[in-house]
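# Examination of the molecular architecture
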Amino acid sequence: MTGKVYLVGAGPGRADLITIRARQVIDRGEVILYDQLAGEIVKTLPASAELIDCGKYAGRHTLKQEEIEKIMITRAKEGRIVVRLKGGDPFLFGRGGEELEALRSEGIDVELVPGVTSAIAVPGCAGIPVTHRDCASLLAIVTGHEDPLKEGGSVRWDLLAGMEGTIVILMGVGNLSSIVDSLLKWGKDPQTPVAIIERGLTEKQRVTTGALSTIVEIADLTGVRPPAVIVIGSVVRLYRGEMLCGATR
Ligand code: SAH
């Protein structure tokens, strides 16, 4: 008898922004492996399940990717219901694709429960729609994890600079100045508006805005820190300073 692994999206951080299917699966889970970004959802996990914090495993280190995969595979082979809970949507960055491959290669039954991604929900709830018929018919969601000024990166910043539309960058705070330099180098308009939304959808949400030419200095002054979503493009002009998502409890 083999169990099953559910790859589950925890949404952007609020416990009421997960899907009904995610809630069902979490409540039935026997083994739940979760990441740090699952936010307040962590407080709602069933105490009867074996809970594995992949960020702070056994109070010592972050579980390595192979270790996470190994635990999922072993538990599923023991016949248990395994829930792999990931921030936002499981397949947008965060190595969900690799986990799918590892599980498939062991012949383990997988179900995907999609989640509300921070890439769209965090700007949205800050009052910035990522597309708009008048100014952005295209959306690129990119990782800012690689320094664009170093050789061998996989993100084509030259193409992104020439694109009419919105660029949403996740995991980009540490490389903000290289990202901005690179976009400017490839000809992106220095006046392009930019917003950085830190800790989106939490009580500690903070939005910093500027232009491509000024945002690095502003972010330095205000001390912008991860996790944050960076939005570059005309849609940022729609920002009015209000939260569209209702108060968090
Ligand atoms: N799979 C996730 C993204 C994983 S990458 C999703 O679909 O949302 C992790 C990055 O997501 C963070 O570095 C940050 O850029 C972004 N992020 C996730 N939740 C966030 C939040 N509540 N506020 C701001 N940024 C967030």
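These numbers come from a predicted model, not from an experiment.

## Overview of the environment of Leu45
Summarising the element assignment, Leu45 is placed in the loop between β2 (31-34) and β3 (50-53). Residues Leu45 and Ile26, 19 residues apart in the sequence, show an inter-C-alpha distance of 6.9 Å. If we ignore the near neighbours within four places in the chain, the residues touching Leu45 are Ile26, Ile32, Tyr34, Leu51 and Leu85.

## Here's the deal with the domain arrangement of the protein chain
Entries for the protein chain in the domain assignment read domain 1 (4-116) and domain 2 (119-238). Centre-to-centre separation of domain 1 and domain 2, based on C-alpha positions: 28 Å. Between domain 1 and domain 2, the contact holds 7 residues from the first and 11 residues from the second. Between domain 1 and domain 2, roughly 620 Å² of surface is buried when both sides are summed, and carbon and sulfur atoms account for 87% of that area. It is Pro12, Leu92 and Phe93 that lose the most area in domain 1 upon contact with domain 2, and together they represent 66% of the buried surface on that side. Here domain 1 is connected to domain 2 by 0 salt bridges. Scanning the region where domain 1 abuts domain 2 turns up 0 residue pairs in polar contact (both at pLDDT 80 or more). Looking at the side of domain 1 that touches domain 2, its residues break down into 6 nonpolar, no polar and 1 charged.

Quick notes on the rules
Residues numbered from 1 in each chain as written. Predicted model: local features only at pLDDT ≥ 70, side-chain atom pairs only at ≥ 80, totals over all residues. Heavy atoms only, no water. Helix = DSSP H or I, 4+ residues; strand = E, 2+ residues; numbered from the N terminus. Contact = heavy atoms within 4.5 Å. Domains from an automatic or database assignment. Buried area = accessible area lost by both parts, 1.4 Å probe. Salt bridge = Lys/Arg side-chain N within 4 Å of Asp/Glu carboxyl O. Polar contact = N/O pair within 3.5 Å; in protein donor to acceptor, adjacent residues only side chain to side chain. Nonpolar A, V, L, I, M, F, W, Y, C, P; charged D, E, K, R; others polar.

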